[in-house]
Structure formats: C-alpha cells, structure tokens
Amino acid sequence: MSVSLIVPLTGRRWPGTNQGLATPVLAAAISRIRASTGFTHTGLGILAGVQWHTVSTWERGITEPTDRHLQAIARALNLDPVRMVADALATELAERPKN
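Residues numbered from 1 in each chain as written. Predicted model: local features only at pLDDT ≥ 70, side-chain atom pairs only at ≥ 80, totals over all residues. Heavy atoms only, no water.

Chemist: Explain the overall build of the chain to me, please; I cannot follow it from the model alone.
Modeler: Looking only at helices and strands, the chain features 5 helices and 0 strands. Reading the helices (α) and strands (β) of the chain from amino to carboxyl end gives α-α-α-α-α. Within the chain, the proportion of its 99 residues that are buried is 39%. Sequence-distant contacts, at least 24 apart, represent 59% of the contacts inside the chain between residues at least 6 apart. Element-wise, carbon and sulfur atoms account for 56% of the exposed surface of the chain, whose accessible area totals about 5800 Å². (Helix = DSSP H or I, 4+ residues; strand = E, 2+ residues; numbered from the N terminus. Buried < 20%, exposed > 50% of the residue type's maximum accessible area, 1.4 Å probe, protein only. Contact = heavy atoms within 4.5 Å. Areas by Shrake-Rupley, 256 points an atom, 1.4 Å probe, with all protein chains shown as cover.)

This is how it looks when you write it as structure tokens:
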C-alpha cells in the first residue's frame, strides 16, 4: 500500500507557490517521527537513503519525502509505513490550535 494514500495532497501545490498542500503537516510529522525515535537528521537520513540536509528540508517544509523514503524509514524502524505516517499526522493535527 502506498503511503501517498494517507497523504493524498502530497505533490499538489498551493497556487502560485512551490509548497505542497500537505507540506506543513507532513513536515511536522517527519520531525515528530525523528524526535520520537531519537534519531538525528543524519541517522534518519541514513535510514531513508538521503543526506542529513534532505531530512532537514523535509522538516522545514521545503521539500517532501517520497513514498520510497517514507517506506525505507518505516522498514528500518520495523513499522507499517502507512500506520507510521497516519499516526504522526493524526497526532500533529490533534495538537494544532483550533481556529
């Protein structure tokens, strides 16, 4: 199952920008996954097969991880990739201020 089924807005852009519609919440979810597992940017990058600065750009919402990267992280952590992203996104959304 593709992780993008959980994040259907990944890859779609806000009009007039290069920022993805899912980027802010997904960025926070990646940061939450890294922090909760105790990995550094370098450590999570090794699991995902990318450089540490790529993880940093994911967490800052500059770029988004691909399904392949999310699946590699989940496999390394012995987690279901869809569940990993869904849980992190749900937690992030639940903790955001309500307007």
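Back to the write-up after that little detour.
Chemist: Quick question: what am I supposed to make of the packing of helix α2 (residues 41-48) against helix α4 (residues 67-76) here?
Modeler: A packed helix pair is summarised by two numbers, namely the angle formed by the two axes and the spacing between the axes. Between α2 and α4, the least distance of the axes is 7 Å, while the angle of their chain directions is 105°. The angle between the axes of α2 and α4 places the two elements in the roughly perpendicular class. Of the residues in α4, those touching α2 at L44, L47 and A48 are H69, A72, I73 and A76. (Axes fitted to C-alpha atoms, helices over the stretch in contact; angles between N-to-C directions. Parallel < 35°, antiparallel > 145°, perpendicular 65-115°, else oblique.)

Chemist: Explain the pattern of salt bridges to me, please; I cannot follow it from the model alone.
Modeler: Pairing between side chains of opposite charge can happen when their charged atoms approach one another. Following the criterion strictly, the structure yields 2 salt bridges and no others. A salt bridge links E59 to R34; its shortest N-O distance comes to 2.5 Å. Of this pair, E59 sits in helix α3 (residues 52-59) while R34 is found in helix α1 (residues 23-37), placing the two residues 25 residues apart along the sequence. In terms of burial, E59 and R34 fall into one category: buried. (Salt bridge = Lys/Arg side-chain N within 4 Å of Asp/Glu carboxyl O.)

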